[in-house]
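Inside the fold
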Amino acid sequence: MNINEFIEKFAEAIEIEDASMLNDNTEFRNLPEWGSLAYLSVIAFMDDEYDTQIEEAEFKKLLTVQDLYNACTQK
Amino acid sequence: MSELVLHKISYKDLREFKYKNFDDPYSIVAFITDHLRETLLACPNNGDENKTAMYLMTDGNVAVGRVLQFGTKLKIDDEIVPAQTGGSSFVVEKYRSQGVGASLLLASKLSKEYDFKINSLFSEMVVPMLRRLKYNIFEFPQYVILRDLRPMLASIGFKGTLLDISGAVVNFPIRLIDILNKIKRKSLLRKFNVNKVVSVPEWAGKIVANDIHKYMELHDREWLQWNLDYNMNGYPGDRQSFYTVTSKSGEPVGFFMTKERFEEIAGRYHDILRGTIVEWGTGNPDVLSEADLNLLAIYTFTPKVFHVLTVPSEEKTEKSLKRMGFIKHGKLQMLVGDKKKKYSDIGDVHLWRIRYGSCNTIIYGQAPTQIS
């Protein structure tokens, strides 16, 4: 999955209707949709789509959509 | 400052009482009474003792949240697969805003111990989280028939002669419906024998396994026997009963299973005994229908039972239940997860065999409380 496909799936996971608002530099914690439910969705999405499990302490270091993508694809 | 740590308590830890090593001012761990511990350890589907019995969140060494887990089995066409179930989730109120509940749900979701998950009876509050976790969530209408309203009157202060007279008055409509139901029941008892048994016969498990639905939580003989022999709270008024339905010549025709649960506090009322028809099966629905089984079951409960709850699996049963005096009352929710996405139609509720007695509902006492 390339970064654009990842962004589509990420947008779907946190229920953003227009994925074109996002890019790899988007700081996802600043999105209005971000919250505890979105966090749950992203963790579940990373596990379901990429078989990636990430500790909370590691997740805190991820700031952008690119960071999330890298965490999923660089194992 | 909080130092929240998630712990996995295995079945081995449960057996060795290691879960008692935490400080427990909120009774998070004390919830696992000796009775509940025995119930969990006796579950026939846990398999490996290293599997998780409980996820526990602590702040320092203080237990602040938990969720229990145990094993079950799904039957998918002819394949039997292990699955995770559980419940009894609870988070201390002041920790709910810190995502403790979400962390507990995630721990369960991300566990690699099982490829499938099935749960029932969860708080409305967690439903948004469960949907975000991409579980399939099913909802089924529940039906309830009132049996004796006197406990309700007693719990609001009626006693003595006033209770007797008021009780007779409020119960009068119930007794009228009973007359009609008992006529129908009598005709069934002319065709069948209904016997209470303490040992679940093998044929009951086979009736379940031969159900036509593609998906089911497998209630085989071992599962039925476990649910018959154990419950969570161990109150004297809590009991489960299993009944066989046979022809007059002794041939197995069907079965049903019931539970009664005593609740010290039930909303505005107290000391209420609730009844549920948790499981049933028939070898031939044209001979003995789901509605017939529910009718036979109603009159096996303790006379003091406040109401009897059931969850019909067919629309035609719903119509029959209404004629018997049942009214629609709330919903039973279940969730199903297929981690590896092996079955594309697992989320189609019409393909599922549904019973109220699923997952942890039989061993449960009261409904689960909030997770966050």
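Residues numbered from 1 in each chain as written. Chains lettered and ligands numbered in written order. Predicted model: local features only at pLDDT ≥ 70, side-chain atom pairs only at ≥ 80, totals over all residues. Heavy atoms only, no water.

What follows deals with the overall build of chain B. Each helix and strand counted, chain B has 10 helices and 13 strands in total. Against the globule reference of 21 Å for 372 residues, chain B gives a C-alpha radius of gyration of 21 Å, in line with a compact fold. Seen along its three principal axes, the alpha-carbon backbone of chain B occupies a region of about 65 × 55 × 35 Å. Classification of the 372 residues of chain B by burial places 56% in the buried group. Taking contacts inside chain B between residues at least 6 apart in sequence as the whole, the part at least 24 apart equals 74%. Of the roughly 16400 Å² of accessible surface on chain B, 54% is carried by carbon and sulfur atoms. Here chain B contributes 51 positively and 43 negatively charged side chains, and the mean placements of these two sets differ by 4 Å. (Helix = DSSP H or I, 4+ residues; strand = E, 2+ residues; numbered from the N terminus. Rg over C-alpha atoms; globule rule 2.2 N^0.38 Å. Buried < 20%, exposed > 50% of the residue type's maximum accessible area, 1.4 Å probe, protein only. Contact = heavy atoms within 4.5 Å. Areas by Shrake-Rupley, 256 points an atom, 1.4 Å probe, with all protein chains shown as cover. Lys, Arg positive; Asp, Glu negative; His and termini not counted. Charge placed at Lys NZ, Arg CZ, Asp CG, Glu CD.)

We now examine the overall build of chain A. Along the backbone of chain A there are 4 helices and 0 strands. Along chain A, from the amino end to the carboxyl end, the secondary structure elements read α-α-α-α. Taking 2.2 N^0.38 as the reference for a compact globule, 75 residues should give roughly 11 Å; the C-alpha atoms of chain A span a radius of gyration of 11 Å, in line with that estimate. With respect to the principal axes defined by its C-alpha atoms, chain A has extents near 30 × 25 × 20 Å. Taken across its 75 residues, chain A has 45% of its residues classed as buried. Here the contacts in chain A between residues at least 6 apart in sequence split such that 53% fall between residues at least 24 apart. When the accessible surface of chain A is summed, it comes to about 4200 Å², and 43% of that surface belongs to carbon and sulfur atoms.

What follows concerns the confidence of the model for chain B. Residues and elements named next belong to chain B. Looking at chain B as a whole, the pLDDT averages 91, with 97% of positions reaching at least 70. Mean pLDDT values over the elements of chain B span from 84, in helix H4 (residues 127-132), up to 98, in strand E7 (residues 192-197). Every residue in residues 366-372 scores below 50 in pLDDT, and together they form 28 contacts with partners more than four places removed in sequence or on other chains. (pLDDT = per-residue confidence, 0-100.)

Structurally, Arg 353 of chain B is set in the segment after strand E13 (327-338). The residues contacting Arg 353 of chain B, other than those within four sequence positions of it, are Val 208, Asp 211, His 213, Tyr 215, Met 216, His 219, Glu 279 and Trp 280 of chain B.

Looking now at the pairing of strand E3 (residues 62-76) of chain B. Residue and element names in this part refer to chain B. Among the 15 residues that make up E3, 13 are buried, leaving the element largely enclosed by the rest of the structure. In terms of strand pairing, strand E2 (residues 52-59) meets E3 through 6 bridges, oriented antiparallel. When the bridges of E3 are listed, Met 54 appears paired with Leu 68. The antiparallel hairpin formed by E2 and E3 contains 2 residues in its connecting segment, where Gly 60 sits at a positive phi of about 65 degrees. In this structure, E3 lies alongside strand E4 (residues 79-91), joined through 11 bridges in antiparallel fashion. If you follow Phe 70 over to E4, its bridge partner there is Thr 85. Two successive antiparallel strands, E3 and E4, enclose a turn made up of 2 residues, where Asp 77 displays a positive phi of approximately 55 degrees. Pairing analysis gives 3 bridges linking E3 to strand E8 (residues 215-217), with the strands arranged antiparallel. Bridged to Ile 76 within E8 is Tyr 215. (Pairing = 2+ DSSP bridges.)

Our focus in this paragraph is the nonpolar core. If you look at soluble globular proteins, the nonpolar side chains tend to sit buried side by side. Leu 14, Leu 56, Leu 74, Phe 116, Phe 242 and Trp 352 of chain B are the most contacted members of the largest nonpolar core, which totals 65 residues. Per element, the largest residue contribution to this core is 7 residues, and it comes from E3 of chain B. Aside from chain neighbours lying at most four places away, what touches Leu 14 of chain B is Ile 9, Tyr 19, Ile 32, Arg 37, Leu 40, Leu 41 and Ala 53 of chain B. If you look at the next biggest cluster of nonpolar residues, it comprises 42 residues, including Tyr 39, Leu 40, Tyr 50 and Leu 68 of chain A. (Core = buried A, V, L, I, M, F, W, Y, C linked by side-chain atoms within 4.5 Å.)

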